[in-house]
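Here's the letter readout for the chains.
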Amino acid sequence: MNPRPYGLIAEFDSPAAVLRAAEKVRDAGFRRWDVFSPFPVHGLDKVMGLKNSLVGWFALVFGGGAFIGSMLMIWYMNDYDYPVLVGGKPMFSPPQALVPSYILLVLAAAVGAFVGMVALNRFPRLHHPLFQNNRFAMV
Amino acid sequence: MADTATQLESLVPPKELRRGPLVPAHRSLGWLTDHLTAMPEGKTPRWWWVLFIPAAFCAAVVLPTMLIYLISTGVGVWGNKQPVAWGWDIINFVWWVGVAHAGTLISAMLFLTRQHWRTAIGRAAEAMTVFAVMCAGLYPAIHVGRVWFAWWLFPIPLTTGMWPQFRSPLMWDVFAVNTYLIVSSLFWYMGLIPDLALMRDRAKTRVRKFLYGLFALGWTGSARQWHNYEKAYLVLSGLATLLVFTVSSIVGMDFATSQLAGWHETIFPFYFVAGAVFCGFGMVLVLLIPLRKWCHLEEIITLRHIDRICKMTLMMSCIMAYIYGIEYFVAWYSGSPYDAWVFGHRLFGHYYWFGGWIMLLVNGLLPQLFWIKKVRQNLVLIFVIAVLINIGMWFERFTIIVGSLYQDFLPASWHPFYPTWVDVGTYVGTLGVFFTMYLLFVRFLPIIAISEVKAITPQADPHHPLGGAKGGRP
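Residues numbered from 1 in each chain as written. Chains lettered and ligands numbered in written order. Predicted model: local features only at pLDDT ≥ 70, side-chain atom pairs only at ≥ 80, totals over all residues.

Asks: Pulling in residues and values, what's your account of the overall build of chain A?
Replies: A count of helical and extended segments in chain A gives four helices and zero strands. The helix and strand sequence of chain A, counted from the amino end, reads α-α-α-α. By residue count, 30% of the 139 residues in chain A fall in the buried class. For chain A, contacts bridging at least 24 residues in sequence account for 69% of all contacts bridging at least 6. (Helix = DSSP H or I, 4+ residues; strand = E, 2+ residues; numbered from the N terminus. Buried ≥ 20, exposed ≤ 12 C-beta atoms within 10 Å, placed from the backbone. Contact = placed C-beta atoms within 7 Å.)

Asks: So, the overall build of chain B: which residues are in play, and what are the values?
Replies: Counting its secondary structure elements, chain B contains 17 helices and zero strands. Its C-alpha atoms give chain B a radius of gyration of 24 Å, within 12% of the compact-globule value 23 Å for 474 residues. When the backbone C-alpha atoms are referred to their principal axes, chain B occupies close to 90 × 50 × 45 Å. When the 474 residues of chain B are sorted by exposure, 48% land in the buried category. A separation of at least 24 residues holds for 79% of the contacts in chain B among residues at least 6 apart in sequence. (Rg over C-alpha atoms; globule rule 2.2 N^0.38 Å.)

Asks: Can you lay out the domain arrangement of chain A for me, pointing to particular residues and giving the numbers?
Replies: Partitioning chain A into domains gives domain 1 (15-51) and domain 2 (55-120). The distance between the C-alpha centroids of domain 1 of chain A and domain 2 of chain A comes to 40 Å. (Domains from an automatic or database assignment.)

Asks: For helix 6 (residues 118-143) of chain B, give the residues involved together with the corresponding values.
Replies: Residues and elements named next belong to chain B. The end-to-end C-alpha distance of helix 6, which contains 26 residues, comes to 36 Å, matching closely the 38 Å that a straight helix rising 1.5 Å per residue would cover. Across the 26 residues that make up helix 6, a large majority, 22, are buried. One or two positions beyond helix 6, positive phi appears at G145, with a value near 95°. (Expected span 1.5 Å × (residues − 1).)

Asks: Please give an account of the interface of chain B and chain A that cites residues and values.
Replies: In this assembly, 52 residues from chain B lie in contact with 57 residues from chain A. Of all the elements in the fold, those that place two or more residues in the side of chain B that touches chain A are helix 7 (169-202), helix 8 (206-216), helix 9 (223-256) and helix 17 (450-455) of chain B. Counting residues per element, the side of chain B that touches chain A draws most heavily on helix 9 of chain B, which supplies 17 residues. Residue composition of the side of chain B that touches chain A, grouped by class: 29 nonpolar, 15 polar and eight charged. (Nonpolar A, V, L, I, M, F, W, Y, C, P; charged D, E, K, R; others polar.)

Asks: Quick one: what's the story with the packing of helix 11 (residues 303-333) of chain B against helix 12 (residues 337-348) of chain B, residue by residue and with numbers?
Replies: Residues and elements named next belong to chain B. For the pair helix 11 and helix 12, the least separation of the axes is 7 Å and the interaxial angle reads 140°. Judged on the interaxial angle alone, helix 12 and helix 11 are oblique. The interaxial crossing formed by helix 11 with helix 12 has left-handed handedness. On helix 12, the residues that touch Y328, A331 and W332 of helix 11 are D339, A340 and F343. Its residues placed into classes, the contact of helix 11 with helix 12 shows five nonpolar, no polar and one charged. (Axes fitted to C-alpha atoms, helices over the stretch in contact; angles between N-to-C directions. Parallel < 35°, antiparallel > 145°, perpendicular 65-115°, else oblique. Left-handed = near helix turned anticlockwise from the far one by under 90°.)

Asks: Give me the environment of M199(B): which residues, what numbers.
Replies: Relative to the helices and strands, M199(B) is located in helix 7. Between the alpha carbons of M199(B) and S413(B) there is a distance of 61 Å; along the sequence they are 214 residues apart.

Asks: Which residues make up unusual backbone geometry, and what are the values?
Replies: All names here are of chain B. The amide bond that connects Q82 to the next residue, P83, takes the cis arrangement and shows omega of 0°. Along the chain, P83 turns up in the loop between helix 4 (46-73) and helix 5 (88-112). Not every positive phi belongs to a glycine, and R114 is a case in point at roughly 55°. Along the chain, R114 falls in the loop between helix 5 and helix 6.

Asks: Explain helix 4 of chain B residue by residue, including any values.
Replies: Residues and elements named next belong to chain B. Along its 28 residues, helix 4 runs 40 Å from first to last C-alpha, staying within 8% of the 40 Å computed at 1.5 Å per residue. At C58, helix 4 shows its maximal bend, which comes to roughly 30°. Of all the positions in helix 4, only A55, C58, A59, V62, L63, M66 and L70 are classed as buried. Looking at the buried residues of helix 4, the elements they touch are helix 6 and helix 16 (421-444). (Bend = angle between axes of the 7 residues up to and from the residue.)

Asks: Describe the nonpolar core, listing the residues and the values that go with them.
Replies: Ranked by size, the top nonpolar core spans 159 residues in total, and within it A110(A), A113(A), M128(B) and V284(B) carry the most contacts. Top element by residues in this core is helix 7 of chain B. It accounts for 17 residues. Those residues in contact with A113(A) that lie beyond four places of it in its chain are V55(A), F58(A), A59(A), A232(B), V235(B) and L236(B). (Core = buried A, V, L, I, M, F, W, Y, C linked by C-beta atoms within 7 Å.)

Asks: Tell me about the confidence of the model for chain B, residues and numbers included.
Replies: Residue and element names in this part refer to chain B. Of all residues in chain B, 92% attain a pLDDT of 70 or more, and the chain-wide mean is 86. Of all the helices and strands in chain B, helix 1 (residues 2-11) carries the lowest mean pLDDT, 49, while helix 16 carries the highest, 94. Model confidence for the complex is summarised by a pTM of 0.89, with the ipTM given as 0.85. (pLDDT = per-residue confidence, 0-100.)

Here it is, written out as structure tokens:
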């Protein structure tokens, strides 16, 4: 018994040809389709009708959460739980807590962007039915 | 037909505005793939072993010996003592962080400003960043004295009930350097994913198939993946750009918040960022000039790329010269006798006056040679200047740190600083770690971002005749 085919695949030899083909596939009303290329083809996301990627939101939520969280953490550690007076400075002051919080914002937002990319692309997926096609190695 | 021809001609920009293609000779995409994967897929060349064996010796023998001796005996094995409590450990820390910065600047900032020429050198520069930050991060960890308590730097609940003190810039440094390491590694790794998938698909042996496949995460190059990937890359490069300005600023604040003449300056955060980027460009040139020859990448990393890095170096050198000028001006203009003393002694002091001169002449004056086009095309001369820039920037840190410390406010405690063999050995060891990792990177991973270079060729542009478009802009 033959396994059910995963899909149909066609090969094009120039980015412009792929772009034109993608327009036709989209207009024909297909929904579960994709274009494979060894480099990002300019304008393809518009032709395929892809909405703005959600990766930015991942970064915003991770980064914003980390910023608020670390401001609270510094307040808790240096003002509430274990206050130590240093040079008569206030126990907690936002400008001073801003620097480490900002650094943690950058860290968490970067991790968020990466996690977002991995999650939205359904990685890691070490085996894909397309890899069985020998000519697929071209992309 | 004649109509289209005239239309095409009118679209061509005037000659002086026209730019040559970044990959000359219109190489095909297949040629690019074969050529750029040749090094990781081919046989190990002899030059690689010649460089790798001494580097690996320094990394695997010299550095562990020094660290074991240091940790088992104490920081007294270094030249640090009162009043010079910060010696080679902090000099080398600042130097390594500085080396890292140009990589992020090239890969992230030039990406945001859409400088397409960065595609050829971005990957190699990012790798430099990652490995240099690793070497930098080692120093703060081992100079705390009791290394086994280094984890107290992190906000971890302890039975003692103590927490880190977040008012100190030294504490900010812990976060800044670790963040820099993680973000630049992520950025570098993410850039590698499409190329790892390419290596996986070309791999012949099972081990290679497995390892490249594992780290490629299952990349297929689908438009939906590229869509998310490009967004994530954009976000990451924005964040990495922020780090270019933050990490060295915080290192600068470690100094500027102290009350010491020669350190207590508002210009320090910017000063350290500029110096870091300048030093990093020097290191990029030191790495790329031999690599492009040995890996036969002359057509990818062209003389135009080298020319542009030289111009960036020249710009940074001018900024450095300006900052040096401001420093000396403020030392005089502030009327502070301590400042005037320290800066006078940088050039005409009892010890270390050579450091001040090296810093001014090598960092401020020597790169001015890059104004001359002949110099920017002479690879040997560029290489020599780049090596000197790295040395000059090392002496800058030496002058700032030791030069300001060895004569403190109490003349009775003045004492010069001499490095010990452990200082030298540790530095040589970190150089070994850096070059070992860099050589492994050159051997096993594509040092040019293949998918990015392909994306800037005219064949990859769907609106270009070579990309299959009818008519369109030439």
